[in-house]
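# Results of the structural survey
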Amino acid sequence: PELHTAGGLPLAQVVDAVTEGFADGTAAAAAQGRTIRVTQLLTAMRHGDRSGEVARLVIERRGRDVVGFDLAGDEAGHPV
């Protein structure tokens, strides 16, 4: 969600917007007689300073619309 905050949305609202989009898609599939389940994997950027916030969002929403946590970005200079 970090990369989607440039327009001013807080991380939680980014996740909410994606969740709403998934709900719309799930409903559209159901209207066509198909059952799908879509969840999110939240990714924190190694070079960013918001990984703690992203991790907290995962914990708050796990088992509902979020199922996991990931780190992305250049590993050089970021050994953790």
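Figured I'd write up the structure that's included with this text. (Residues numbered from 1 in each chain as written. Predicted model: local features only at pLDDT ≥ 70, side-chain atom pairs only at ≥ 80, totals over all residues. Heavy atoms only, no water.)

### With respect to the overall build of the protein chain
Counting secondary structure elements, the protein chain contains two helices and two strands. Shown N-terminal to C-terminal, the secondary structure of the protein chain runs as helices and strands in the order α-β-α-β. Taking 80 residues into account, the globule formula puts the C-alpha radius of gyration at 12 Å, and the protein chain, at 15 Å, lies well above it. With the C-alpha coordinates of the protein chain rotated into their principal frame, the extents come out at 50 × 25 × 20 Å. Accessible surface computed for the protein chain: about 5,400 Å², of which carbon and sulfur atoms make up 54%. Charged side chains of the protein chain number 8 positive and 11 negative; the gap between the two group centres comes to 7 Å. (Helix = DSSP H or I, 4+ residues; strand = E, 2+ residues; numbered from the N terminus. Rg over C-alpha atoms; globule rule 2.2 N^0.38 Å. Areas by Shrake-Rupley, 256 points an atom, 1.4 Å probe, with all protein chains shown as cover. Lys, Arg positive; Asp, Glu negative; His and termini not counted. Charge placed at Lys NZ, Arg CZ, Asp CG, Glu CD.)

### Here's the deal with the nonpolar core
Counting eight residues, the largest nonpolar core is built from L11, V15, L42, A44, V54, L57, V58 and V66. Sorting the residues of this core by element identifies α1 (11-31), β1 (40-45) and α2 (51-61) as the ones contributing at least two each. At three residues, the largest contribution of residues to this core is made by α2. Residues in contact with V66, not counting those within four places in the same chain, are V15, Q40, L42, V58 and R61. (Core = buried A, V, L, I, M, F, W, Y, C linked by side-chain atoms within 4.5 Å. Buried < 20%, exposed > 50% of the residue type's maximum accessible area, 1.4 Å probe, protein only. Contact = heavy atoms within 4.5 Å.)

### Quick notes on the pairing of strand β2 (residues 66-72)
Sheet topology places β1 next to β2; six bridges connect them, and they run parallel. Among the inter-strand pairings, M45 is bridged to a residue of β2, identified as A72. (Pairing = 2+ DSSP bridges.)

### Digging into the environment of G63
Turning to its location among the elements, G63 is positioned in the loop between α2 and β2. For G63, a relative accessible area of 63% puts it in the exposed group. Separated by 14 residues in sequence, G63 and G77 place their C-alpha atoms 33 Å apart.

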